Amino acid sequence: MTRALLIENARIIDPASNRDIKGALLAEDGCISEISEGAAPGTPENVERIDAGGMIVAPGLIDMRVFTGEPGHEYRETLASASNAAASGGVTSFVCMPDTLPVIDDSALVDFILRRAQATAKVNVLPAAAMTKGLNGEEIAEFGLLKQAGAVCFTDGRKSVGSTALLRAAFTYAANFDMPIVNHLSDAGLAGHGVMNEGLMATGLGLKGIPSEAETVPLERDLQLAALTGVRYHAAQISSAASVDIMARHRQTNSGVTCGVSINNLSLNENDVGSYRTFFKLSPPLRSEDDRQALVAGLSSGAIDVIHSGHDPQDVEVKRQPFAESADGAIGLETLLAAALRLVHSRDVDLLTVLRAMTSRPAEILGLQSGRLAKGAPADLILLDLEYPWVVEEKEIRSRSSNTTFESARFSGKVMRTFVAGEDVYTFKEPAK
Amino acid sequence: MARTKPQKSLNTSAGTASNTPPFQHRHLLGIAQLNQVEIVDLLDRADAMVPISRQPRKVHPTLTGKTQINLFFENSTRTQASFEIAGKRLGALVVNMSVKTSSVSKGETLIDTAATLNAMQPDVIVVRHSAAGAVELLSQKVGCSVVNAGDGAHEHPTQALLDALTIRRHKQRISGLTVAICGDIANSRVARSNLMLLNAMNVRTRVIAPRTLLPMGIENIAAEVFTDMREGLKGADVVMMLRLQHERATGHMIPSTREYYQFYGLDAEKLALAKPDAIVMHPGPMNRGVEIDPAIADGPQSVINEQVEMGVAVRMAVLDTLLGEGTQVTE
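Throughout this description, residue numbers start from 1 for each chain and increase along the sequence as written. Each chain is given a letter, starting from A, and each ligand a number, starting from 1, according to the order in which they appear as written. Given that this is a predicted model, residues contribute local features only at a pLDDT of at least 70 and side-chain atom pairs are listed and counted only at 80 or more, while totals for whole chains, interfaces and linings are drawn from all residues. Hydrogens and water are ignored here; the side-chain numbers use all heavy atoms of the structure.

A. Representation of the overall build of chain A within the structure. Counting from the N terminus, the helices are DSSP H or I runs at least four residues long and the strands are E runs at least two residues long. Counting its regular elements, chain A contains 14 helices and 18 strands. At 21 Å, chain A has a C-alpha radius of gyration in line with the 22 Å of a compact globule built from 433 residues. Based on the C-alpha atoms only, the size of chain A along its principal axes is roughly 65 × 50 × 45 Å. Note on classification: 1.4 Å probe, protein chains only; a residue is buried when its accessible area is under 20% of the maximum for its type, exposed when over 50%, partly exposed between these limits. Looking at chain A as a whole, 61% of its 433 residues qualify as buried. Put simply, 74% of the contacts in chain A that link residues at least 6 apart link residues at least 24 apart. Entry remark: accessible area of chain A is about 16,200 Å², with carbon and sulfur atoms responsible for 49%. Positive charge is attributed to Lys and Arg, negative charge to Asp and Glu, and no charge count is given to His or to the chain ends. By convention, the charge on Lys lies at NZ, on Arg at CZ, on Asp at CG and on Glu at CD. Side chains of chain A give 40 positive and 55 negative charges; the mean places of these two sets differ by 1 Å. Our radius of gyration is a C-alpha quantity, and the globule rule it is checked against amounts to 2.2 Å times the number of residues to the power 0.38. Contacts between residues were defined by any pair of non-hydrogen atoms, one from each residue, lying within 4.5 Å. Residue burial considers only the protein chains on display, and all accessible areas are found by Shrake-Rupley using a 1.4 Å probe.

Structure, rendered in structure tokens:
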């Protein structure tokens, strides 16, 4: 039996219930057993007492989009190294994408991920299984058996399923097993060989552009198919102002559709590509500042549900290439929360909304017990110093890959401690100067 | 081209045929054209035909001198054999024609073939075709009776009748029973004909299938729709399994036969949820280990072989009703 944990003198924030109180939180046997305003009432013996000193206690983050290299590309990232990065970023659960070698399209492989995670990872690993066998976009995967094995959703990860007939079948079949579908949106024809946002910036750099219609066309298609089939549908990530409008419109008639946004698209824009900086080559691409502001507004208005890191470790070899030839993707587990807090400090979005998009909303979409501070919920917690200033330094990165879009970024707000099921998985240590 | 149909009545020892009006239809194109009285009449006549096939000399020559053409545009072994045996036991001259469909000119071929056959003065043409509505189209072009032996995913009326007869002989009634039809409802003519017949007989109809194999609007045809087989089987008197056309469905409608078997295959554990005396049916041919556990198919609750026997009786009754001239069935 694990030792009980008592966090006192804390600002307890639970986005699920909109609660923001000063008080104490008690966790026993891996679950939250008591939340009280003011001083803690009675406490059991053999309890670890932590004085939060007024810092925030919030649910640990749930990151809905994380790529690792396990199995198949362990040099990029393992479940263990990703979980280490996650713990330091306050992420207590992450959904790992099925784009591995082999692809997670079989119940035995879901089982493998869960066993490897249990043996090696510090945080909860939630396997997403492939929507189509081999991510080939041709045949639907065994949703029933994959669900039984422990998959939390079906997605083709980086790939965007494009066949309308197949999408309809997959949506219908997922609805049959009451499982969410997560689809990345990129129309193959419209995206073509584009490598960044279409517009003046791309033209000036001589790079082929990706129009936002490469996202809005499949988004509209998916949302219509979602209404037809009754599936719980989550647009993995939207990047443009037009997509925010489309989501807002469909949400009025279909409560079963949700969407996410990458912290990169919320924080950065196409100008960050600068002089062919490949760490900023992402999918979807960073778009205009107007698009970014629309995404921030969409987060505030509720048109956007989830913020994820899109953590995608890529090694130096595939990033140290001419821009058009380099791989997409950036890591993000360690900087997700700090980057999101920028939106709070800039007063663009309130703290509860930002936290909700990384805790209770993902939990609701995936049907998880975590992501909230409530009696009986798992004691997946973070202790957050909202004002702590720090700088992202490559030598401090815990991920096996260092392709971050936030190199040398200055942040306010740092996770001081992370707990998974009441167990300490991370304690911040001041870096040596 | 139209020919008047002779008035006739088959007086059967078992049935109520003598009290019902003569069969009003020249063709049997689907269950949709029949009302409850006509269905019961056909079942009674079929019931009376059963003993003939159990006699040492299986002859009941009411159709001597009649010509029956079995025109099968789609491969079939059991249905064609069943119609052939039915016709021959009634003394008709039976000719089998298997026509491979040319996908390019189906319509033209169909009507040309109909005209050609019609010139040979048959009395009945039994037709199977892969296209829904093809049998009705053909019936408009010939001067004889036409029996639908299956048209696309539309109707297979003799299958529904033989299923009903099998149920009635086991349960002594049809009305009021709970019948669960499980499998590829979307692509099944057997399911459509059965649902129409069972609804006409006031059966509590259920369909069970993954959503990908349920056609739009099914909730208006079946009384209850289930995607969870265990729920759908609870309290059922009859469990009717359908063949999964897995060559066609895999990858698009269902991911694999192993997953299908896990969730929608009939095994002992799932069957235990139905009534203890529930009967298990299958129109054949079966995919053992895909939609049904071989132990169930061959088990004590299975009436699958009896369905085949009733098929001959139903087809004899249908042919006799359409063509016969009112001879007494003797036992």
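B. A look at the pattern of salt bridges. Any carboxyl oxygen of Asp or Glu within 4 Å of a side-chain nitrogen of Lys or Arg constitutes a salt bridge here. Taken as a whole and judged by the stated rule, the model has 37 salt bridges over all chains. We note a salt bridge from Glu142(A) to Arg258(B), for which the minimum N-O separation is 2.5 Å. One end of the pair, Glu142(A), is in the loop between strand E8 (124-129) and helix H3 (143-149); the other, Arg258(B), is in helix H9 (residues 257-264), on a second chain. The class of Arg258(B) is partly exposed, set by a relative accessible area of 44%. Between Arg54(B) and Glu309(B) there is a salt bridge, with its nearest N and O atoms 2.7 Å apart. Note that Arg54(B) is positioned in helix H1 (residues 36-54) and Glu309(B) in helix H12 (residues 304-323), a separation of 255 residues in sequence. The network of salt bridges with common partners includes Arg251(A), Asp305(A), Arg361(A) and Glu364(A).

C. Representation of the sheet that holds strand E3 (residues 124-129) of chain B within the structure. Residues and elements named next belong to chain B. Reading across the sheet, the four strands line up as E2-E1-E3-E4 and stay open at both edges, with parallel pairing between neighbours. Looking at which strands have only one partner, the edges of the open sheet turn out to be strand E2 (93-98) and strand E4 (145-151). Each neighbouring strand pair of the sheet contributes to a mean axis angle of 15 degrees, computed without reference to strand direction. In short, DSSP must find at least two bridges between two strands for them to pair. Pairing analysis gives six bridges linking strand E1 (residues 67-72) to E2, with the strands arranged parallel. By the bridge assignment, Phe72 is partnered in E2 with Ser98. Axes here refer to lines fitted to C-alpha atoms; in helices the fit is confined to the stretch in contact. Angles between the N-to-C directions go from 0 to 180 degrees.

D. Geometry of the interface of chain A and chain B. Facing 21 residues of chain A, the contacting portion of chain B comprises 17 residues. Put simply, buried area is the surface a 1.4 Å probe can reach on two separate parts but cannot reach once they are joined, added for both. Buried area between chain A and chain B, both sides added, is near 1,500 Å², and the carbon and sulfur share of it is 52%. On the chain A side of the interface with chain B, the three residues burying the most area are Glu142(A), Tyr173(A) and Asn176(A), jointly 34% of the side's total. Here chain A and chain B share two salt bridges between them. Put simply, the parts of the chain that give the side of chain A that touches chain B at least two residues each are H3, helix H4 (164-176) and helix H7 (213-229) of chain A. In the scheme used here, Gly and all other residues not listed as nonpolar or charged are polar, with Ala, Val, Leu, Ile, Met, Phe, Trp, Tyr, Cys and Pro taken as nonpolar and Asp, Glu, Lys and Arg as charged. Looking at the side of chain A that touches chain B residue by residue, the class counts come to 10 nonpolar, five polar and six charged.

E. Structural view of the packing of helix H1 (residues 79-88) of chain A against helix H2 (residues 107-120) of chain A. Residue and element names in this part refer to chain A. Put simply, H1 and H2 touch, their axes get as near as 9 Å, and they point 60 degrees apart. Between H1 and H2, the angle is such that the two are oblique. Between H1 and H2 lies a crossing of right-handed hand. Contacts between H1 and H2 involve Leu79, Ala80 and Ser83 from the first element and Ile113, Arg116, Ala117 and Thr120 from the second. When its residues are assigned to classes, the contact of H1 with H2 shows four nonpolar, two polar and one charged. Angular relationships are summarised with four words: roughly parallel below 35 degrees, roughly antiparallel beyond 145, roughly perpendicular across 65 to 115, and oblique for the angles in between. By convention the crossing between two helices is left-handed if the near helix lies anticlockwise of the far one by an angle smaller than a right angle, and right-handed if it lies clockwise.

F. Broad picture of H1(A). Residue and element names in this part refer to chain A. Extensive coverage of H1 is indicated by the burial of eight of its 10 residues. Leu79, Ser81, Ala82, Ser83, Ala85, Ala86, Ala87 and Ser88 are the residues of H1 that are buried. Tucked into the core, H1 has its buried residues touching strand E7 (91-96), H2, E8, strand E17 (410-420) and strand E18 (423-427). Gly90, located one to two residues past H1, shows a positive phi value of around 80 degrees.

G. Examining H7(A) more closely. Residue and element names in this part refer to chain A. Helix length check: H7 (17 residues) gives 24 Å between terminal C-alpha atoms against 24 Å at 1.5 Å per residue, within 8%. H7 sits mainly inside the fold: 12 of its 17 residues count as buried. Taken residue by residue, H7 has Ala214, Glu215, Thr216, Pro218, Leu219, Glu220, Arg221, Asp222, Leu223, Leu225, Ala226 and Thr229 as its buried positions. In the stretch just after H7, Gly230 is the one whose phi turns positive, near 75 degrees. Take the number of residues in a helix, subtract one, and multiply by 1.5 Å to get its expected span.

H. Expanded view of the packing of helix H2 (residues 78-89) of chain B against H12(B). All names here are of chain B. The contact between H2 and H12 brings their axes to 8 Å, and the two run at 55 degrees. Taken together, H2 and H12 sit at an angle that is classed as oblique. In this structure, H2 crosses over H12, and the sense of that crossing is right-handed. Note on element contacts: H12 touches H2 through Val308, Gly311, Val312, Arg315, Met316 and Leu319, opposite Arg78, Thr79, Ser82, Phe83, Ile85, Ala86, Gly87 and Arg89. Split by residue class, the contact of H2 with H12 holds seven nonpolar, four polar and three charged.

I. Region of the structure containing the confidence of the model for chain B. All names here are of chain B. The pLDDT value expresses, per residue, how confident the predictor is, ranging between 0 and 100. Of the residues in chain B, 89% have a pLDDT of 70 or more, and the chain-wide mean is 90. Per-residue pLDDT stays below 50 along residues 1-18; that stretch engages in 47 contacts with residues further than four places along the chain or on separate chains. Taken as a whole, residues 327-331 scores under 50 in pLDDT and shows 16 contacts with residues more than four places along the chain or in a different chain. At the level of chain-chain contacts, confidence expressed as ipTM amounts to 0.89, with global pTM at 0.92.

J. Highlighting the sheet that holds strand E9 (residues 279-281) of chain B. Residue and element names in this part refer to chain B. Spatially, E7-E6-E5-E8-E9 is the arrangement adopted by the five strands of the open sheet, whose pairing is parallel. Each having just a single partner strand, strand E7 (224-226) and E9 make up the two edges of the open sheet. Looking at each pair of strands side by side, their axes are set apart by 20 degrees on average, direction ignored. Relative to the sheet, helix H5 (residues 157-171) contacts strand E8 (238-241) and E9, its axis offset from that of E9 by approximately 165 degrees.

K. Geometry of the pairing of strand E16 (residues 381-391) of chain A. Residues and elements named next belong to chain A. With four bridges joining them, strand E5 (residues 56-59) and E16 adopt antiparallel strand pairing. From the neighbouring strand, Val57 faces E16, where its bridge partner is Leu383. In this structure, E16 lies alongside E17, joined through eight bridges in antiparallel fashion. Opposite Trp390, over in E17, you have Phe411 as the bridge partner.

L. Examining the pairing of E17(A) more closely. Residue and element names in this part refer to chain A. A large share of E17 lies buried, amounting to nine of its 11 residues. In this structure, E17 lies alongside E18, joined through four bridges in antiparallel fashion. Looking across to E18, one finds that Val420 is bridged to Glu423.

M. Expanded view of unusual backbone geometry. The omega torsion across Glu70(A) and Pro71(A) is 0 degrees, close enough to zero to call that bond cis. Along the chain, Pro71(A) turns up in the loop between strand E6 (61-66) and H1. Across the junction of Gly284(B) and Pro285(B), the peptide omega takes the value -10 degrees, indicating a cis bond. Mapped onto the secondary structure, Pro285(B) falls in the loop between E9 and helix H11 (294-297). Positive phi is not limited to glycine here, since Asp178(A) has a value of about 50 degrees. With respect to the element layout, Asp178(A) can be found in the loop between H4 and strand E10 (181-183). Phi angles above zero are rare outside glycine, and Tyr276(A) is one such case at about 60 degrees. Mapped onto the fold, Tyr276(A) is located in the loop between helix H9 (263-267) and helix H10 (289-301).

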